[in-house]
Amino acid sequence: MIVKATERKKRSFRGVKFLLGVTGERMMVTLMTFKVGQTVGTHSHPHEQAGYCVQGRFELTIDGVSTEIEPDDSYVIPGDAPHSYRILEDASAVEVFSPPREEYC
């Protein structure tokens, strides 16, 4: 399956805007866009989540450990791990979820 740029769906969840890319049987791809000063409070979900920072900076806290994420950094958040974001400058990240998050579709 291929989703062309013109076919991506605009979505929002917990105040974060994102573009929904391709969704397969066991994974989905999103492009998250974060705004400086924005926060995503601590939460967890059963989905494994991997990300790649395209631009900007944000603080990602996973299981109480905070790390500043910058362009070209990547990360994995294990399923059910508590995590949060604090956006330090406008940023975007490609994030992949496995399995797909139904609430994003």
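Residues numbered from 1 in each chain as written. Predicted model: local features only at pLDDT ≥ 70, side-chain atom pairs only at ≥ 80, totals over all residues. Heavy atoms only, no water.

(A) Region of the structure containing the overall build of the protein. In terms of regular secondary structure, the protein is built from zero helices and eight strands. In terms of overall size, the protein behaves like a compact globule, its C-alpha atoms giving a radius of gyration of 13 Å where 105 residues would be expected to give roughly 13 Å. Residues counted as buried form 36% of the 105 residues belonging to the protein. When contacts within the protein are restricted to residue pairs at least 6 apart in sequence, those whose partners lie at least 24 apart make up 63%. Within the structure as shown, the protein displays about 6100 Å² of accessible surface, and the carbon and sulfur contribution to it stands at 51%. (Helix = DSSP H or I, 4+ residues; strand = E, 2+ residues; numbered from the N terminus. Rg over C-alpha atoms; globule rule 2.2 N^0.38 Å. Buried < 20%, exposed > 50% of the residue type's maximum accessible area, 1.4 Å probe, protein only. Contact = heavy atoms within 4.5 Å. Areas by Shrake-Rupley, 256 points an atom, 1.4 Å probe, with all protein chains shown as cover.)

(B) Looking closely at the nonpolar core. Within the largest apolar cluster, 21 residues are counted, with the highest numbers of intra-cluster contacts made by Met-32, Phe-34, Phe-58, Leu-60, Tyr-75, Ile-77 and Tyr-85. Elements that contribute at least two residues to this core include exactly strand 2 (16–23), strand 3 (28–34), strand 5 (48–62), strand 7 (74–77) and strand 8 (83–98). If one sorts the elements of this core by residue count, strand 8 sits on top with five residues. When neighbours within four sequence positions are excluded, Phe-58 is seen to be in contact with Phe-34, Cys-53, Thr-67, Glu-68, Ile-69, Tyr-75, Tyr-85, Arg-86, Ile-87, Leu-88, Ala-91 and Ala-93. (Core = buried A, V, L, I, M, F, W, Y, C linked by side-chain atoms within 4.5 Å.)

(C) Highlighting a nonpolar patch on the surface. Residues Tyr-52, Val-54 and Val-94 make up a contiguous nonpolar surface patch of roughly 220 Å² in combined accessible area. Structurally, Val-94 is set in strand 8. (Patch = residues over 30% accessible without salt bridge, like charges linked within 9 Å, V, L, I, M, F, W, Y side chains within 5 Å. Salt bridge = Lys/Arg side-chain N within 4 Å of Asp/Glu carboxyl O.)

(D) Up close: unusual backbone geometry. The residue after Ser-98, namely Pro-99, is reached through a cis peptide bond having omega -5°. Looking at where Pro-99 falls in the secondary structure, it is placed in the segment after strand 8. Its identity as a non-glycine residue notwithstanding, Arg-14 has a phi of 55°, on the positive side. With respect to the helices and strands, the residue Arg-14 is situated in the loop between strand 1 (9–13) and strand 2.

Just distances and angles here, no functional claims.
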